[in-house]
Amino acid sequence: LIDRDGFLQIILNLLKNACEAVRDVADPRIVLTTAYRHGMAASATPGAPRVPLPIEMCVIDNGPGAPADIADHLFDPFVAGKPEGQGLGLALVDKLVGDMGGIVQYARTGEPEATVFRLLLPRAPR
């Protein structure tokens, strides 16, 4: 029930960013994961009601991640971590995911540390 073209744009933007992030890494890696997280619920904003979002897709790379000074604002328009960036790609990802009833999250996690963009989406009603 998602917007097929919108979802394709989301994945293309995240993969393009991941490719650019690992460009100068000695052993570049990009991993896509999918999962169904039974019981997973989240809220888009603090204080908002939690909604079931059991469908998870992650784009993970071993690049350096976002600069610390902009990590909390990655999804804001015109915030870019790359000199050539316009700051619209992740803002578009956030808007499209939100339009589909989901949320997108950014994290640095693991050992060795990796960048994770996690999409959480609702499942189709029964």
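Shown above is the structure to which this text applies.
In this text, all values refer to a predicted model and were calculated from it rather than measured experimentally.

**Some points on helix α1 (residues 4-21)**
No. 1: Spanning 18 residues, α1 covers 26 Å between terminal C-alpha atoms, matching the ideal 26 Å at 1.5 Å per step.
No. 2: Among all positions in α1, only G6, I10, I11, N13, L14 and A18 are buried. With its buried residues spanning 160° around the axis, α1 presents them on a single face. Seen from the buried face of α1, the exposed residues on the opposite side, beyond 90 degrees, are R4, D5 and L8.
No. 3: Buried-residue contacts for α1 involve β1 (30-36), β4 (55-61), α2 (89-99) and β6 (114-121).
No. 4: Where α1 starts, the residue carrying a side-chain oxygen 3.2 Å from the main-chain nitrogen of D5 turns out to be D3.

**Looking at the packing of aromatic side chains**
No. 1: Per the counting criterion, the structure on display carries two aromatic pairs.
No. 2: The interplanar angle of 85° and the centroid separation of 6.2 Å between the aromatic rings of F75 and F117 together place this pair among those described as edge-to-face. Residue F75 is located in the loop between β4 and α2, and its partner F117 is located in strand β6; the two are separated by 42 residues in the primary sequence. Taken as a pair, F75 and F117 share a single burial class, namely buried.
No. 3: Their ring planes at 50° and their centres at 5.3 Å tell us that Y106 and F117 sit as a pair that is tilted. One end of the pair, Y106, is in strand β5 (residues 103-109); the other, F117, is in strand β6, and eleven residues separate them in sequence. Accessibility classification places Y106 together with F117 in one group, the buried group.
No. 4: An aromatic cluster of at least three residues, connected via ring pairs, comprises F75, Y106 and F117.

**Some remarks on the side chain of T115**
No. 1: Topologically, T115 is positioned in strand β6.
No. 2: A distance of 2.6 Å separates polar atoms of two side chains, one belonging to T115 and the other to R108.
No. 3: Apart from the residues within four sequence positions on either side, T115 is in contact with V59, I60, D61, G63, P64, G65, Y106, A107 and R108.

**Focus: α2**
No. 1: The complete set of buried residues in α2 reads L90, A91, V93, L96 and V97.
No. 2: Of the residues trailing α2, G101 is marked for its positive phi of about 85°.

The rules behind these values
Residues numbered from 1 in each chain as written. Predicted model: local features only at pLDDT ≥ 70, side-chain atom pairs only at ≥ 80, totals over all residues. Heavy atoms only, no water. Helix = DSSP H or I, 4+ residues; strand = E, 2+ residues; numbered from the N terminus. Expected span 1.5 Å × (residues − 1). Buried < 20%, exposed > 50% of the residue type's maximum accessible area, 1.4 Å probe, protein only. Arc of directions from axis to C-beta. Contact = heavy atoms within 4.5 Å. Polar contact = N/O pair within 3.5 Å; in protein donor to acceptor, adjacent residues only side chain to side chain. Phe/Tyr/Trp six-rings, centres within 6.5 Å; stacked < 30°, edge-to-face > 60°.

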